[in-house]
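Now for the letters of each chain:
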Amino acid sequence: MGSSRKPAPADPERGGGGDPLSAVRQALAGRVLPQMRLCVGLSGGLDSTVLLHLLHRLQPEWGFVLSAVHVHHGLSPQADAWVGFCQELCTRLGVPLKVERVRVVGAGVGLEAAARQARYRVYAGLDADYVVLAHQQDDQAETVLLNLLRGSGVDGLAAMPVERAIEGGRVRLLRPLLAVSRREIQAYARAQGLAWVEDESNLDTRHARNHLRHRVLPEIERRFPAYRQSLTRAARHYAECAELLAELAASDAAEAVTGQGLSLARLTALTRPRAKNLLRGYLAREGLGRWPERRIEALLDQLMHADRDNRIEFRLDGDTLRVWRGWLQRVPGRSGVSEAMVSWRGEARLPFAGGWITFTPAHGEGLSLARLREAPVTVRLRRGGEHLRPDCRRPRRSLKHLFQERAIPPWERERLPLLYAGDALAWVAGLGVDCAFQAQSDEAGLVIAWQPGAR
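The structure presented is a predicted model; accordingly, all values stated were derived computationally and were not measured.

Chemist: Report on the state of the cysteines, specifying residues and quantitative values.
Modeler: Evaluated as defined, the whole model comprises one disulfide. A sulfur-sulfur distance of 2.0 Å marks the disulfide that ties Cys-392 to Cys-435. On the sign convention where negative is left-handed, the bridge of Cys-392 and Cys-435, at about 115° about the S-S bond, is right-handed. Of this pair, Cys-392 sits in the loop between β17 (387-388) and β18 (397-398) while Cys-435 sits in the loop between β21 (432-433) and β22 (444-451), and the two are 43 residues apart along the sequence. Judged by relative accessible area, Cys-392 falls into the partly exposed class, the value being 33%. Its sulfur unpaired, Cys-90 is 6.4 Å from the next cysteine sulfur, which belongs to Cys-86. Overall, Cys-90 belongs to the buried group, its relative accessible area being 2%.

As structure tokens, this is what we get:
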């Protein structure tokens, strides 16, 4: 039965100690409790077959609920045969199997990366606590070396963690075999009399990982026989560095990031490496993913030399960042925002432009209910040239000047709703009610509020 204490990490120096069962048991400790749902990502290959067998052996001891999922990519002529093998294996072990067929389109990212993305979308949607994957020590060493050759930062060189959340889902990934070498897994399979399938694409050295595995690493092993342990030890060091950098970014963000965005004054007061780390953390916090290093550098160059009145815009894959009045902000796109008018017929909440307009009855404040009843009420987006008089002591002014006075960023102005009674502009989100439509102290009114959609 699993304990509740924090797990001790499997030791990559020992390569699993020759005992995959002990390595898996150690990875489960402190993580997996009785009745938790573990789903094995089962390809039918050597590693995932051994992993399923190991967890099947441990199930009575730990009391977890075990299942498996096979993702059918349809990329190999053997794909249907692999499904049959997985079904037969799971039937023999009494493990429920789910087969998910996906369509893989490699445009832009390559076929291998597209297949991986398709698998992880399946994993994110599973009804499980953990999706358990069979990546092992050789995979980890290959990943470190590949990422090093690609010029990755410390996040990439940290390679694969034993446990992490899956983006877009509540399921977590667990890799309990990262301390176990491929040879040790093969030895276990032979000792247990296990069969598995072979993916012919694993021999295709046109793929970078296969080239490393079959051409480069055998040469490295002849000179450095302990390279697996060395590279996985390095991955652990890089993981610690990545964690420290994330903590530093969070500490700097506590001072530099507010609801207005990222303060350029705070950013530019930091050393360049620290500013770059904060910027990278801010982009991740805003859900903008991992930007390429050259784009981070280019953005930082512009930000470090920007003054308060600069209008900088940066775009990448549909995301937009803008600088306005000394703040870097993520800008929501206008895509999907309707340009058409929406009629209001007395609802308490009116959906508009991805958000909601709420109407709360009041007395002596807000928008005059009597005036609203004089003409049809509609809501639309700004078209240009509109004027409003929210302060009865001042003349009517253009929305442009009123927005500037209220320091509302230009890109937010494009999404703010305008409420009309007939042809008369009565209310603008962020500015208030026009003087001609304001409720008097002795009459019924409506307090209108704008709740924008998620940015």
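Back to the text.
Chemist: Outline the environment of Gln-229, listing residues and values.
Modeler: By secondary structure assignment, the location of Gln-229 is in helix α9 (residues 227-256). For the pair Gln-229 and Gln-137, spaced 92 residues apart in the sequence, the C-alpha separation amounts to 8.0 Å.

Chemist: Residue-level account of helix α5 (residues 137-149), with values.
Modeler: Here α5 contains 13 residues, and its C-alpha end-to-end distance of 19 Å stays within 8% of the 18 Å for a straight helix at 1.5 Å per residue. What α5 keeps buried is the set Gln-137, Asp-138, Asp-139, Gln-140, Ala-141, Glu-142, Thr-143, Val-144, Leu-145, Leu-146 and Asn-147. Its buried side turned inward, α5 meets α2 (46-62), α6 (154-157), α7 (182-192), α8 (208-223) and α9. Between the side-chain oxygen of the N-cap and the backbone nitrogen of Asp-138 there are 2.8 Å, and the N-cap of α5 in question is Gln-136.

Chemist: Would you mind going over the pairing of strand β3 (residues 97-101) in detail, with residue names and values included?
Modeler: Remember that side chains alternate between the two faces of the sheet whenever the strand is regular. Summarising the sheet, strand β2 (residues 65-72) and β3 pair through five bridges and their orientation is parallel. Looking at the pairing, His-70 lines up with Val-99 of β3. Regarding topology, helix α3 (residues 79-93) serves as the crossover connection from β2 to the parallel β3, and that connection is right-handed.

Chemist: Could you give an account of the sheet that holds strand β14 (residues 355-363), with specific residues and numbers?
Modeler: The strands making up a sheet associate through hydrogen bonds between their backbones, and the pairing can be parallel or antiparallel. Here four strands make up an open sheet; going across it, the order is β13-β14-β22-β15 and the pairing antiparallel. Since the sheet does not close on itself, it has two edges, and those belong to β13 (349-352) and β15 (367-368), each with one partner. Two strands pair when backbone bridges link them, and β13 and β14 are joined in this way by four bridges, in the antiparallel orientation. Paired with Phe-352 across the strands is Gly-355, a residue of β14.

Chemist: I'd like a description of the packing of α2 against α7, backed by residues and values.
Modeler: Their axes nearest at 10 Å, the elements α2 and α7 cross at an angle of 60°. Like other packed secondary-structure pairs, α2 and α7 cross with a definite hand, here left-handed. Where α2 abuts α7, its residues Leu-46, Asp-47, Val-50, His-53, Leu-54 and Arg-57 lie against Ile-185, Gln-186, Tyr-188, Ala-189 and Gln-192. Its residues assigned to classes, the contact of α2 with α7 shows six nonpolar, three polar and two charged.

What counts as what
Sequence order sets the numbering: in each chain, residues are counted from 1 along the sequence as written. Whole-chain, interface and lining totals are the exception, using all residues; otherwise, since this is a predicted model, local features are given only for residues with pLDDT of at least 70 and side-chain atom pairs are given and counted only at 80 or more. Neither water nor hydrogens contribute to the side-chain values; these are computed over all heavy atoms in the structure. The disulfide criterion is simple: two cysteine sulfur atoms within 2.5 Å. Numbering of helices and strands runs from the N terminus, with a helix taken as a DSSP run of H or I at least four residues long and a strand as a DSSP run of E at least two residues long. Exposure classes here rest on a 1.4 Å probe applied to the protein chains alone. A residue is buried below 20% of its type maximum, exposed above 50%, and partly exposed in between. One less than the residue count of a helix, multiplied by 1.5 Å, gives the span that helix is expected to have. What makes two residues a contact is simply this: any of their non-hydrogen atoms within 4.5 Å. The definition of a polar contact used here is a pair of N or O atoms within 3.5 Å, where within protein one atom must be able to donate a hydrogen and the other to accept one, and adjacent residues in sequence count solely through side-chain atom pairs. Any two strands between which DSSP finds at least two bridges are classified as paired. Handedness is read with the strands pointing away from the viewer; a crossover is right-handed when the path from the first strand over the helix to the second is clockwise. Structural elements are reduced to axes, namely lines fitted to C-alpha atoms, with helices fitted over the stretch in contact, and the angle between N-to-C directions of any two is expressed from 0 to 180 degrees. Two helices crossing with the near one rotated counterclockwise from the far one by less than a right angle form a left-handed crossing, whereas a clockwise rotation gives a right-handed crossing. Note on residue categories: nonpolar means Ala, Val, Leu, Ile, Met, Phe, Trp, Tyr, Cys or Pro, charged means Asp, Glu, Lys or Arg, and polar means any other residue, Gly included.

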